[in-house]
Every structure is written in C-alpha cells, then in structure tokens.
Amino acid sequence: MTEHSFTTIENQWITLGDGTRLAARIWMPDGADADPVPAVFEFLPYRKRDGTSLRDESTYPVFAAAGIAGVRVDIRGSGESEGVIDGEYTELELANACELIAWIAAQPWSNGSVGMMGISWGGFNSLQVAALRPPALKAVISIASTVDRYNDDIHYKNGCHLSAQLSWAATMLGYQSRSPDPAIVGDRWKDMWLERLENEPFFMEEWLSHQRRDAFWKHGSICEDFSGVEIPALVIAGWADGYRNTPLKAIAGLGAGAKALIGPWVHKYPHFAFPKPRADFHGEAIAWWNRWLRGEENGAENTPQLRAYILDAVRPATRRDADPGFWAAVDIWRAPAMQFFHVGSSGRIEEGKAEPQALAHEVYLRSPLDTGTASGEYFTLKPDAEMAIDQRGDDAGSLTFETAPLAEDHDYLGQPVVTLALRCEERTANLCVRLVDVHEDGTATRVSFGVLNLAHRDGNAEPKPVKSGERTSVRLLLDACGYRFRAGHRIRLSLSTAYWPMILPPPTDPGLVIDTAAIELALPILTDHRLIAVNEPDNPDPLPKYIEHAPAETKRQVIRELSANRTEYRIHEDTGLFEHPDTGLSTRQVRDETWSISPDDPLSMTGQSTWTCDMQRPGWSVTTVATASIGCTATHWIIAATVIAHEGGIKIFEKDFGETAIARDLM
C-alpha cells in the first residue's frame, strides 16, 4: 500500500445553510486536489481541540497516510463550533450531519465518497445518519453504539431507571459548559462561552420526561426500520461495555451488508482498548474504506458476518489488562440453538426444560437495596473496578441456584433467556438476573445480566401495573455474551430485587415470591463456527504522549455507615492535567459522584455528580463546575442542576436550573 504524506489543518470553518460556522480538524493526504481521495467524517460534541484529540491523533494520521482524508467536526455549541447544542441526536444534529457530508463530497479534493464513523455518540449518529441516506455516504463504522436508544443506552433498561442517566447528564453539562479556545476563535471566545453557559440544556429534564419507549426514543433507533440503512456497516463493541448487544442486533436486522466484531474490551477503540487482546482497527478500517469508498476489490465484503472473542473462564480482578479466550467466526449469524436448564427439586440447576406441571415451590425474595455494588459501571472506560468485580458480595443478597461441577467445557455465544413465574404485592418491582461463572475456588465472575421493571414485562411502550398477588410469568432476555464455562466450574443463576447503584429502586420495596420450579434458563450454544486469528495492532502503544503537569487518579469506594444504616457508593475520577505539546492548551476534568441509600428504604435514594473542568494557558485559565442531583418521593423524581464558571479564578457566571419534580411513570 502506497504511503502518502499529509497535512493537518488544525481548524477549518464550515458554514451551514443557517449561517452557523462549525469547526473541523482535517487530515489531508498531499496531492488530493490533483488526485481526489475518499473522506471519513466524525461528528461529536466532545471537542476536537482537546477532548478527543488523543484518539483522533492515533487514527486519522494513519488514514491520511493511506490516502483517506479525515474530517473531525464539532457539533454546534461544542469545541470551537458556534451556537448551542439542542439535545442528543436531534433532528437538527442529524440534518447538520447530512449537510456536512454534502459539503465534504463537493470539495475539490474529495472523490465524492464519504464514510462516517465514531464510538459512542459518533457511533450512534453514524447509524442514524445512514438511515437518512445522504447520497454521498457510502459506508459506516459504528463502535460501542446502539440500534435501540431506549433499551441499550444510558437511560433505561427494560423500564429500569439507570443511574448512568444522571451521571451522563452531569457529564454533558460539564462538557458543554467548557469554553472555546481563544487561539482558534479569537476575541469572540468569551461571548461564545457565555452564550453556551446561559443556554445549554440540562438533558435529564427531557430524558426523564420520557420514561417509556415513546416517539422520543424511537427517533434515532434504527431498529424501528432496519431497511432504512442500505449501506455497509461494520459494528464493533466489547463484552466489558454496556453496548455489548448492538453488534448482534445490527447484523440480525441489517443482514448481509453488516459485519460485527466483538472483543473483550471496555468502551474504547479496539486498537488501544483493554482488556487485551486488541484488534488492528486501522487495518480493518482502511480495508473497509478502500472497499466501499474506493471500490477496491479487497474482499472486505467476504469477512465473516460475526467475529467474536469467546472469554475463557475469566477471573475478576482489580485490573484486567488481558482476558483469556479465543476468536470464533460465524460466517452467517442466525439465532443460536439453546441449551435449556431448570431448577430441580433439590434446588440445583439441572439440564432440561422446566416441567410445565411441576409442583410450585415458592420462595420469598427481598434483597437489601444496596445489593449490586459489585456491578461496575454501565459503560466502562478502564479495566478496573468500573468492570464487574467478584460477585460473591452481591450473591449474598440474592437467591442463587447453580449446577453441579461441569463435566466438560460449555461454550456459549448470544443472549441468554430466563423465564420464571412470580407474585408481587405492589404495582411494580425490579428484578435482576445474573449469569455467573463459579470457579473451583468459589470466585464468581459475572458473565451476563438482565434487569426488568415488572410493569414493563409485556413491553416498554405501554407499561402496566402488576396485579397484586397474581401469578405472573416473566421472560427476561439477558445481555449478549461469548463465554466458555470450564469443566469443574459451576453455572450459577443469581436473582435479586435490587441492583444498586446501577439501577434505581421503585418507590416501594415489596419483594417477590418466586416459583423456583418454574425457573428456566436457556443458554445460546456456540455452534457453526470456526476458530480464527484477528490481527493485533503493530503499535502496542498508539496514543500520543502529552505533557503531564498533574497525574491522573481514580478511587471507587463503598462505605457502609452501620450506625446510620446507610450505604454510599463514591466515585472519584481525575484525568490529571495534561498539555498538548502543539497547542499549549492544558486541560483537566474531575468527576466526583456519590450515590446513597438505606438498605431498607427506597425513598432514601440520592445521587449527585459533579464535573470540574479546567482549561489553561500561561496567563489564561477558565474553570466550570457542573453539578446534577437526583432524589425521589413516592410519586416523583426530584432533579436539580447548577453550573458555575470562573475566569482567572474569578466567578463570572452562575446558573441554577432549579429543582424539578417529574412524576414517576410506573418506575
């Protein structure tokens, strides 16, 4: 492959039809004006100048050296782009993306073919824009994204309220409150900054006003009509991330034009993600772009539809740099055959389906409301305690069943299914089901889990109360997994009525009466596959090095104040202060978050998340402090937020969004 020299354009203004100027950073292969090239476009609110510069600089220069231009644009109201953001994946955002794709395709250096890619937000809007079919968009790569905004994002999960919703609302409040860089926008920086501070929304007010799967969430969920996406899509995720379901859902819905790659990774690009092994994302992406943006006959379309890393008896740890396992390829993904298990009369999990006429054996379960502190984050950025840790602590508050030690290895790939029958004395309750690998020494690894608000048992669009005391059948689809249970290990099923702080409790805590004789577990068998090798990146350390002025720090603590009967889950994440060697801009973000609950009082639940964001150069500094909080009553969620801004250590702005009460909707 010919290697091209290239030029980095630090800032390119692109004027939209409404007059708003958006800021782009472009990596341009030299000679493109004479010999036009394809382009890859990424559209984010996370700031090209500082927020995503590390990962951008690990990838776009490689693309440019391969003769592919990279165009990284900040969404309006973020970075150096003008205006104010109006929400998440809004019609305006997606329309702007289509306009930008047309702008790229019309440039004299462009061959008219554009790809779109990104991770998380950029992965989401890549698929959403593909469904709008802008003519120049020919292919996408979507990493750690979703096809279903209601069930597979940070807001809700089967009608359960995810704590990540508050965390992310605070994050976005902090991110969007940051100043543009005066080195790019000049003397206008302060006016632009004050406009943002005054007008940026508190996203959670809107999110929490839609607690069921209504039109708000259907917008941007391509699962509503997979046929809308007609171009090839490469969909990537990691088992350690909250977006692990998307690749399988995408290839099932999009068909042969979609390919899936699932590794052991957290919420990061696979060429620098943990746990290892990594994947050669650059090689994968360049082949994908050359096939669909250049028409190069390189066989990218013949890649197996699914390549998945099968975790092999992984052990939880304080840090997981590498996970044992093997790569499996499935040429055409179909619904897998299922292996069935049930809870026998002895209380042990046995192979075979549950007997429909089995004599009921009812057990009352009411987990302490602080059950779940081993759950980790919904989406994970580091391979430490953000990932699920040893499950034995959570199992102590759960109803558990397990197999005898396995006589042979069992390999699974897909989404497990649990069916059971229960009774509840209140209108709703939460149910969490975890699939656990019990090692020979008792260590317990979470393999998969699912949660359900029982009012959503028949769907998320129209929840309905449980009929008090009436026997109710429940089917719960757990998250996708690829896992080998080793001979000598045991498969455990753990049921709890709480999974805090990952999910927030309903207003009452009635517990559940569960018929153990009706419990059935179906595990997706790994079949019709072949073992493969997935190339790892040549560079084991691809991220550029910035100048460190203060080190990063991470702390996660669970504090049980026994005398007050209260549990706190505390998070402290400090990125450290780092200076970009080329721009001289130093940045730092600190997240302080605390969740609190009394184990026997669901209305005691509180959460607060604060983001402190610093930007500085010699003689110039700005700081914003964004705080969001949540509490509850029996009938309402109570949320609040504030933003405070300082310039040179002097407070110049303060906004209190006030306290907002939003009615619980069977949640």
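Everything here concerns the structure above.
Okay, so let's go over this structure. (Residues numbered from 1 in each chain as written. Predicted model: local features only at pLDDT ≥ 70, side-chain atom pairs only at ≥ 80, totals over all residues. Heavy atoms only, no water.)

1. Focus on the overall build of the protein chain
Inference 1: Scanning the protein chain from terminus to terminus reveals eleven helices and 34 strands.
Inference 2: Taking 26 Å as the expected radius of gyration for a compact globule of 667 residues, we find that the protein chain reaches 25 Å, a close match to that expectation.
Inference 3: For the C-alpha atoms alone, the extent of the protein chain along its principal axes is close to 80 × 60 × 45 Å.
Inference 4: Taking all 667 residues of the protein chain together, 63% fall into the buried category.
Inference 5: The contacts in the protein chain between residues at least 6 apart in sequence include a share of 74% that link residues at least 24 apart.
Inference 6: Summed over all atoms, the accessible surface of the protein chain reaches about 23800 Å², with 49% contributed by carbon and sulfur.
Inference 7: Of the side-chain charges in the protein chain, 63 are positive and 92 negative, and the distance between the mean point of each set is 2 Å. (Helix = DSSP H or I, 4+ residues; strand = E, 2+ residues; numbered from the N terminus. Rg over C-alpha atoms; globule rule 2.2 N^0.38 Å. Buried < 20%, exposed > 50% of the residue type's maximum accessible area, 1.4 Å probe, protein only. Contact = heavy atoms within 4.5 Å. Areas by Shrake-Rupley, 256 points an atom, 1.4 Å probe, with all protein chains shown as cover. Lys, Arg positive; Asp, Glu negative; His and termini not counted. Charge placed at Lys NZ, Arg CZ, Asp CG, Glu CD.)

2. Remarks on the sheet that holds strand E20 (residues 444-453)
Inference 1: Ordered in space as E16-E23-E19-E20, the four strands form an open sheet in which the pairing is antiparallel. Since the sheet does not close on itself, it has two edges, and those belong to strand E16 (399-402) and E20, each with one partner. Direction aside, neighbouring strands of the sheet carry axes that sit 15 degrees apart on average.
Inference 2: As paired elements, strand E19 (residues 430-438) and E20 share nine bridges and run antiparallel to each other. Directly across from Leu-435, in E20, lies its bridge partner Ser-448. (Pairing = 2+ DSSP bridges. Axes fitted to C-alpha atoms, helices over the stretch in contact; angles between N-to-C directions.)

3. What about the packing of aromatic side chains?
Inference 1: Counted by the stated rule, this structure contains 29 aromatic pairs.
Inference 2: Arranged with centres 6.2 Å apart and planes meeting at 50 degrees, the rings of Trp-265 and Trp-327 form a pair that is tilted. In this pair, Trp-265 sits in the loop between strand E10 (258-263) and helix H10 (281-293) while Trp-327 sits in strand E12 (residues 325-330), placing the two residues 62 residues apart along the sequence.
Inference 3: Of the residues examined, Trp-327 reaches a relative accessible area of 7% and is grouped as buried.
Inference 4: For the pair Tyr-269 and Phe-281, a centre-to-centre distance of 5.2 Å together with 75 degrees between the ring planes defines the contact as edge-to-face. Placement of the pair is Tyr-269 in the loop between E10 and H10 and Phe-281 in helix H10, with a sequence separation of twelve residues. Each of the two residues, Tyr-269 as well as Phe-281, counts as buried.
Inference 5: Here a set of aromatic residues connected by ring pairs shows up, and it is made of Tyr-46, Tyr-89, Trp-121, Phe-124, Trp-168, Tyr-175, Tyr-243, Tyr-378, Phe-379 and Trp-611.
Inference 6: Taking NZ or CZ as reference, Arg-278 lies 4.5 Å from the ring centre of Phe-274, over its face.
Inference 7: The ring of Phe-340 has Lys-353 lying over it, and the distance from NZ or CZ to the ring centre is 4.5 Å. (Phe/Tyr/Trp six-rings, centres within 6.5 Å; stacked < 30°, edge-to-face > 60°. Lys NZ or Arg CZ within 6 Å of the ring centre and 35° of its normal.)

4. Quick word on the environment of Asp-191
Inference 1: Within the secondary structure layout, Asp-191 lies in helix H6 (residues 189-199).
Inference 2: Note: C-alpha distance between Asp-191 and Pro-180 (eleven residues apart in sequence) is 9.9 Å.

5. Brief notes about unusual backbone geometry
A negative phi angle characterises most non-glycine residues, just as the trans form characterises most peptide bonds.
Inference 1: In this structure, Pro-275 follows Phe-274 across a cis peptide bond, with omega equal to -15 degrees.
Inference 2: Relative to the helices and strands, Pro-275 is located in the loop between E10 and H10.
Inference 3: At the junction of Trp-500 and Pro-501, the peptide bond is cis and its omega measures out at 10 degrees in the coordinates.
Inference 4: Its location among the elements puts Pro-501 in the loop between strand E23 (490-496) and strand E24 (512-524).
Inference 5: For Arg-47, which is not glycine, the phi dihedral falls at a positive 75 degrees.

6. Focus: the packing of helix H2 (residues 91-106) against helix H3 (residues 121-132)
Inference 1: As a packed pair, H2 and H3 sit with axes 10 Å apart at the nearest point and diverge in direction by 75 degrees. Classified by the angle between their axes, H2 and H3 sit roughly perpendicular to one another. When H2 is examined against H3, the residues Glu-93, Leu-94, Ala-97, Cys-98 and Ile-101 are found in contact with a partner set consisting of Trp-121, Asn-125, Gln-128, Val-129 and Leu-132.
Inference 2: Its residues assigned to classes, the contact of H2 with H3 comprises seven nonpolar, two polar and one charged. (Parallel < 35°, antiparallel > 145°, perpendicular 65-115°, else oblique. Nonpolar A, V, L, I, M, F, W, Y, C, P; charged D, E, K, R; others polar.)

7. A look at the packing of helix H1 (residues 53-65) against H10
Angle between the axes and distance between the axes: these two values describe a pair of packed helices.
Inference 1: Look at H1 against H10: their axes get within 11 Å of each other, and the N-to-C directions meet at 45 degrees. In terms of axis orientation, H1 runs oblique to H10. In this structure, the crossing between H1 and H10 has a hand that is right-handed. Here H1 contributes Ser-58, Thr-59, Val-62 and Phe-63 to the contact with H10, which in turn contributes Phe-281, His-282, Ala-285, Ile-286 and Trp-289.
Inference 2: Class assignment for the residues of the contact of H1 with H10 results in six nonpolar, three polar and no charged. (Left-handed = near helix turned anticlockwise from the far one by under 90°.)

8. A look at the environment of Ser-221
Inference 1: You can see Ser-221 is positioned in the loop between helix H8 (215-218) and strand E9 (233-238).
Inference 2: On the accessibility criterion, Ser-221 (4% relative accessible area) is buried.
Inference 3: Considered as a pair, Ser-221 and Arg-149 are 72 residues apart in the sequence and their alpha carbons are 5.5 Å apart.
Inference 4: Residues in contact with Ser-221, not counting those within four places in the same chain, are Val-147, Asp-148, Arg-149, Tyr-150 and Arg-213.

9. Points about the pairing of E24
Inference 1: Within E24, twelve of the 13 residues are buried, which leaves the element mostly enclosed by the surrounding structure.
Inference 2: Relative to E24, strand E13 (residues 338-343) runs antiparallel, the two sharing five bridges. Bridged to His-342 within E24 is Glu-520.
Inference 3: Pairing analysis gives four bridges linking strand E15 (residues 362-365) to E24, with the strands arranged antiparallel. Opposite Glu-362, over in E24, you have Asp-515 as the bridge partner.
Inference 4: With six bridges joining them, strand E18 (residues 417-423) and E24 adopt antiparallel strand pairing. By the bridge assignment, Val-417 is partnered in E24 with Ala-522.

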